[in-house]
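Single-letter residue listing:
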Amino acid sequence: RGKRSVALDLKHPDGKEMFGRLVARSDVVFSNARGTSPERLGITYEQLKAHNPAIVCAFLTGFGRHGPRADQPAYEYIVQAMSGMAAMGGEPDGPPVRAGVSVVDFSAGLAAAVAMLAGLHRAKQTGLGCDIDTSLFATALNLTNYLASWTLTRGYHARRQPRGAHPSIVPSQLFEAADGWVMVMCQTDAFFRELAERMEIHDVLGDPRFATMAGRLEHKDELLGRLEREFKGRSVSHWLARLEGGVPVAPVNDLGQALADPQVEALDLVVGYDHPQFGYVKQVAGPVQTPGGSRAPAPGPALGADTQGVLSDLAGVSAAELAELKERGVVA
């Protein structure tokens with residue numbers, strides 16, 4: 001959305017020369033080519049610094065640019081399986097389950113964006129660029145976070161928890177209501193007391209076994225059994241009316257319901273634009289908002305749609321030179 005597209009053959013000597021001219025006028029080269037491909041294409045910092053000593057070269061690969069898996073193909077589902085993420089999803093007596101959205105792909109893109117900003121900051125201060133690497137596999141492994149730390153440090157074995165429960169905090173999980181599901185997360189003692197008060201289960205509130213987080217974890221079967229019976233007796237709307245504002249709680253929305261939440265409109269999280277092929281298109285806005293800093297959304301371009309404009313603006317390519325490059329198959 002909002003990009004410009006140039007089709008340039010980096011394996012052609014003239015294409016590589018043209019790319020160097022673009023690098024001289026650019027801040028960042030970003031690549032998502034597989035493993036060792038960037039070096040073969042000649043787009044690493046060592047290979048490009050002669051054109052621009054401050055160029056930042058960022059690489060988002062599947063498994064990194066070196067190591068035994070560097071040139072293996074990688075996709076979201078593959079790295080969720082390899083990283084242990086899928087093994088932690090689903091019910092205890094069911095099969096492994098991947099996350100319902102491409103959380104690794106999107107997180108790796110965010111990691112790469114942060115890395116590029118850090119590289120740019122360094123380049124502005126020192127005049128020197130660098131290579132920056134991230135990968136789907138490194139991102140997926142990083143997302144295991146504290147569970148990985150427990151495993152590495154204390155020999156912890158992560159197991160699937162029923163109803164999406166937190167492994168150590170009770171109650172923090174899905175509960176079935178009379179007509180649907182709610183997610184409740186009592187991450188502090190104060191939230192648990194508020195939950196018990198608003199649900200009017202005063203015997204639970206006064207039970208010393210449930211007074212602390214450690215106690216609730218130790219006696220979770222008794223506590224969860226009682227809470228499950230209470231939640232099952234009333235509707236989702238009843239529990240939301242009781243709990244919202246005092247306890248972290250949410251309905252389990254489908255995507256349509258999520259997009260219709262009033263908070264979406266309040267934050268302008270849906271954008272729309274006219275697309276030349278599909279008509280008026282609506283999409284979710286970016287997650288970072290800057291007052292006065294957002295351009296009107298525009299559709300993504302066709303491959304090579306902006307070759308002439310970009311090469312003219314950044315590389316000084318004339319119309320005659322461009323026609324010659326097209327004839328030789330250097331650009332499209």
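As shown above, the structure is provided for reference.
Just so we're clear, the structure is a prediction, and the values are computed from it rather than from any experiment.

**Q** Go over the sheet that holds strand β2 (residues 56-61), please, and point to the residues and values.
**A** Spatial strand order, β1-β2-β3: 3 strands in an open sheet with parallel pairing. Strands at the two margins of the open sheet, each flanked by one partner only, are β1 (28-31) and β3 (130-135). Sheet twist, expressed as the average angle between the axes of neighbouring strands with direction ignored, equals 15 degrees. As paired strands, β2 and β3 are joined by 6 bridges and run parallel to one another. Along β3, the bridge assignment pairs T61 with S135. Across the sheet, helix α6 (residues 136-143) touches β2 and β3, and the angle it forms with β3 is around 60 degrees.

**Q** Give a description of the sheet that holds strand β5 (residues 181-185) that names residues and reports values.
**A** Across the sheet, which stays open at both edges, the 3 strands sit in the order β4-β5-β6 with antiparallel pairing between neighbours. Because the sheet does not close on itself, it has two edges, and the strands there are β4 (172-176) and β6 (249-251). Between one strand axis and the next, the sheet turns by 20 degrees as a mean value, whatever way the strands run. Note that β4 and β5 share 5 bridges and pair antiparallel. The residue bridging F175 from the neighbouring strand is V182, located in β5.

**Q** Break down unusual backbone geometry for me, citing the residues and quoting the values.
**A** Cis geometry marks the peptide bond from V170 to P171; its omega dihedral reads -5 degrees. Structurally, the position occupied by P171 is in the loop between α7 (145-154) and β4. A positive phi angle, close to 55 degrees, is found at R163, a residue other than glycine. Residue E200 is not a glycine yet carries a positive backbone phi of 60 degrees. Residue placement: E200 occurs in the loop between α8 (189-199) and α9 (202-205).

**Q** Which residues make up a nonpolar patch on the surface, and what values do they have?
**A** A grouping of L255, L259, V270 and V284 is seen on the molecular surface, where their side chains present a nonpolar patch of about 360 Å² in accessible area. Residue classification places V270 among the partly exposed residues on the basis of a relative accessible area of 38%.

**Q** Break down helix α11 (residues 220-232) for me, with residues and values.
**A** Here α11 is 13 residues long and its end C-alpha atoms lie 18 Å apart, about the 18 Å a rise of 1.5 Å per residue gives. Inspection of α11 places L223, L224, G225, R226, L227 and F231 among the buried residues, and these make up the whole buried set. Those residues of α11 that are buried lie in contact with β4, β5, α8, α9, α10 (213-218) and α12 (236-243).

**Q** Tell me what's going on with the pattern of salt bridges, and back it up with residues and numbers.
**A** The final tally for this structure, using the stated rule, is 19 salt bridges. Between D14 and R328 there is a salt bridge, and its shortest N-O distance comes to 2.3 Å. Taken together, the positions of D14 in helix α1 (residues 13-24) and R328 in the segment after α16 (319-327) put the pair 314 residues apart, joining distant regions of the chain. Residue R328 is classed as partly exposed on the basis of its relative accessible area of 37%. Across the pair R198 and E194 runs a salt bridge, and its minimum N-O distance is 2.7 Å. Highlighted residues: R198 and E194, both in helix α8, separated by 4 residues, approximately one helical turn. Via salt bridges that share partners, R163, E176, E228 and K232 belong to a single interconnected network.

**Q** Explain the packing of α8 against α12 to me, and be specific about the residues and the numbers.
**A** Remark: α8 packs on α12, axes separated minimally by 9 Å, with the N-to-C direction vectors making an angle of 120 degrees. Between α8 and α12, the interaxial angle falls into the category oblique. At the point where α8 passes α12, the crossing takes the right-handed sense. For the pair formed by α8 and α12, the contact residues are L195, R198 and M199 on the first element and W239, R242 and L243 on the second. Broken down by class, the residue content of the contact of α8 with α12 amounts to 4 nonpolar, no polar and 2 charged.

What counts, and where the lines are drawn
- Residues numbered from 1 in each chain as written.
- Predicted model: local features only at pLDDT ≥ 70, side-chain atom pairs only at ≥ 80, totals over all residues.
- Heavy atoms only, no water.
- Pairing = 2+ DSSP bridges.
- Helix = DSSP H or I, 4+ residues; strand = E, 2+ residues; numbered from the N terminus.
- Axes fitted to C-alpha atoms, helices over the stretch in contact; angles between N-to-C directions.
- Contact = heavy atoms within 4.5 Å.
- Patch = residues over 30% accessible without salt bridge, like charges linked within 9 Å, V, L, I, M, F, W, Y side chains within 5 Å.
- Areas by Shrake-Rupley, 256 points an atom, 1.4 Å probe, with all protein chains shown as cover.
- Salt bridge = Lys/Arg side-chain N within 4 Å of Asp/Glu carboxyl O.
- Buried < 20%, exposed > 50% of the residue type's maximum accessible area, 1.4 Å probe, protein only.
- Expected span 1.5 Å × (residues − 1).
- Parallel < 35°, antiparallel > 145°, perpendicular 65-115°, else oblique.
- Left-handed = near helix turned anticlockwise from the far one by under 90°.
- Nonpolar A, V, L, I, M, F, W, Y, C, P; charged D, E, K, R; others polar.

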